[in-house]
Amino acid sequence: MSSDAADVVVIGGGIAGLSTAYFLGQTGLKCVVLERDSIGSHASGFAYGGIGALGGGASASGGPGPSHRVAVEGVRLHKILAQSLPEQTGVNIEFRHRPSLSLLFTDEEITSAKRSIQWMKTQPGYTVDLLDGSQVRGIDSRISSKTTGAVYVEGTYDVDPYHLMLALKQSVEIQGSVIKYGSVTGLESRDGSVSAVRFNGTKIVCSKVVLAMGPWSVEASDWLGTPIEMRPVKGQILRLSMPGPPFHMSIGYGSDYATTKSDGNLWTGSTEEEVGFNEEPTELARDQIMASLINMIPSAGNAHLVKHTACLRPVASDRLLLLGRVPGWNGVYMATGGGRQGIVMGPAMGKVIADLIATEHTDISIVAFDPGRFSI
């Protein structure tokens, strides 16, 4: 079996993997990034692209959850990448300020919102207000007349996820890292430390490996001898051509959302489906998404479908990240599990792993995200 060599091998070319390679490149370490398909062909390239730290980091009680600090760091890094990536690569990632409006329809929802915005108001960088129905329709008269209120948030952003992936790809290549396409079939070890990655019938000799394989991280269970309780959760998004002016904010209800993106289309979704590794768009999801959209914006019934996409998000059995060193393997790290907040947290996940590899230290506590926790 022939072999190559690398400082670090990153398995997975999504947001977490490319961010890891990017931040390692800033320390002078060059990576070989291994991707089974193509950059941006799965969840990272087909996400909605909303950027904020007041949603995905929240716990069931409405306050900050274990992932909140990672989300906060992710937003900070996105703002930096929004300047550095276009300057370095010439790729416009369409990063822009985009307020959010979370609609409320019942008295119970208003009561719950009053509780949750208490901690939201304490978060630096955000302005949060509870609006009544008339104020909501004053912002945009197309919003449903059934809306009794909304939580309005300034300080959120969005990005074109596919362009972001292309910019990260070009940047890591400019830094000297290499992207290769094909299948990884396992790891090799010597005296408890990783020594090589088996790839496309060859092996790549290395002392550091980062597993950033999204929902396919479950395949690493056999390589590591450690259970990785990761599954795919399917999400589908519609892109619609809709008459009238664009929406200048992200409008949401529950887990659904809609906004006019930089391509001029109204993007709306998204589903959460436990259907294994089936990535095909479905008519059932299309109809569900449209029903939810029309509930928020009745005139959207006049919109025309431009594109229908589906992707698989990585979600752990306890819905927390898998982030940090893999126990029992010197030199093996994992970065996955972002679920619906993968784009938000991806840069921070990459920075955490890059810091661990380069300095053996990270400023963010990742104790709750131990990749070996499922073997206990």
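Overview of the structure. For every chain, the first residue of its written sequence is number 1, and the numbers climb from 1 along that sequence. Local features in a predicted model are, by the rule used here, given only for residues with pLDDT of at least 70; side-chain atom pairs are given and counted only at 80 or more, and totals for whole chains, interfaces and linings are based on all residues. To get the side-chain values, take all heavy atoms of the structure and skip hydrogens and water.

Time to look at the overall build of the chain. Numbering goes from the N terminus for both helices and strands, where a helix is a DSSP run of H or I of at least four residues and a strand is a run of E of at least two. If you tally the helices and strands in the chain, you get 9 helices and 21 strands. Values of the radius of gyration come from C-alpha atoms, whereas the globule rule sets the reference at 2.2 Å times the count of residues to the power 0.38. A compact globule built from 376 residues should have a C-alpha radius of gyration of about 21 Å, and the chain, at 21 Å, falls within 12% of that. Partly exposed describes any residue whose relative accessible area lies between the buried limit of under 20% and the exposed limit of over 50%, with all areas from a 1.4 Å probe on protein chains only and scaled to the type maximum. With 376 residues in all, the chain has 57% of them scored as buried. Partitioning the contacts of the chain with sequence separation of at least 6, the portion at a separation of at least 24 is 74%. As presented, the chain carries roughly 15,400 Å² of accessible surface, and 50% of it is formed by carbon and sulfur atoms. One way to put it: in the chain the 31 positive side-chain charges average out to a point 2 Å from where the 36 negative ones average out. The contact criterion used throughout is that any non-hydrogen atoms of two residues lie within 4.5 Å. Residue burial considers only the protein chains on display, and all accessible areas are found by Shrake-Rupley using a 1.4 Å probe. Charged residues are defined narrowly, with Lys and Arg counted positive, Asp and Glu counted negative, and His plus the chain ends left uncounted. By convention, charge coordinates are those of NZ in Lys, CZ in Arg, CG in Asp, or CD in Glu.

A few words now on the packing of aromatic side chains. The relative placement of two aromatic rings is captured by the distance of their centres and the angle of their planes. In this scheme Phe, Tyr and Trp rings, the latter by its six-membered ring, pair at centre separations within 6.5 Å, and the angle between planes marks the pair as stacked below 30 degrees, edge-to-face above 60, and tilted otherwise. A complete count under the given rule lists 5 aromatic pairs for this structure. Ring geometry for tyrosine 22 versus phenylalanine 23: centroids 5.1 Å apart, planes at 85 degrees, classification edge-to-face. Judged by its relative accessible area of 5%, tyrosine 22 falls in the buried class. Plain terms: the ring middles of tryptophan 216 and phenylalanine 277 are 5.5 Å apart, the flat faces sit at 40 degrees to each other, and that makes the pair tilted.

Right, let's get into the packing of helix 3 (residues 68-89) against helix 6 (residues 161-174). Lines fitted to C-alpha atoms define the axes here, with helix axes fitted over just the stretch in contact, and angles between the N-to-C directions of these axes take values from 0 to 180 degrees. Running from N to C, helix 3 and helix 6 point in directions that differ by 65 degrees, and their axes come no closer than 10 Å. Along this stretch, helix 3 crosses helix 6, giving a crossing that reads as left-handed. Across the interface between the two elements, His78, Leu85, Gln88 and Thr89 from helix 3 touch Leu164, Ala167, Leu168, Gln170, Ser171 and Ile174 from helix 6. In the contact of helix 3 with helix 6, the residues fall into 5 nonpolar, 5 polar and no charged. Here is the rule for handedness: rotate from the far helix to the near one, and if that takes an anticlockwise turn smaller than a right angle the crossing is left-handed, while a clockwise turn gives right-handed. When residue character is reported, Ala, Val, Leu, Ile, Met, Phe, Trp, Tyr, Cys and Pro are called nonpolar, Asp, Glu, Lys and Arg charged, and the others, Gly included, polar.

With that settled, the discussion passes to the sheet that holds strand 21 (residues 332-336). A pair of strands is considered paired only if DSSP assigns at least 2 bridges between the two. In space, the 6 strands of this open sheet follow the order 10-3-2-14-21-20, with mixed pairing throughout. The sheet is open, and its two borders are formed by strand 10 (178-181) and strand 20 (322-325), each paired with just one other strand. Across the sheet, the mean angle separating the axes of adjacent strands is 20 degrees when strand polarity is ignored. Pairing of strand 14 (residues 209-211) with strand 21, which is carried by 3 bridges, proceeds in the parallel orientation. When the bridges of strand 21 are listed, valine 210 appears paired with tyrosine 333. The strands that helix 9 (residues 342-359) touches are strand 2 (8-11), strand 14, strand 20 and strand 21; relative to strand 21, the one it contacts most, it runs at about 170 degrees.

Okay, the pattern of salt bridges next. A side-chain nitrogen of Lys or Arg and a carboxyl oxygen of Asp or Glu constitute a salt bridge if their distance falls within 4 Å. Applying the stated criterion to the full structure yields 16 salt bridges. Here arginine 142 and aspartate 140 are joined by a salt bridge, their closest N and O atoms 2.9 Å apart. For the pair shown, arginine 142 and aspartate 140 are each scored as buried. In this structure, the salt-bridge partner of lysine 203 is glutamate 188, at a minimum N-O distance of 3.7 Å. Of this pair, lysine 203 sits in strand 13 (residues 202-205) while glutamate 188 sits in strand 11 (residues 184-190); the two residues are 15 residues apart in sequence, bridging distant segments of the chain. Taken together, the shared-partner salt bridges in this structure form one network comprising Arg69, Glu73 and Arg76.

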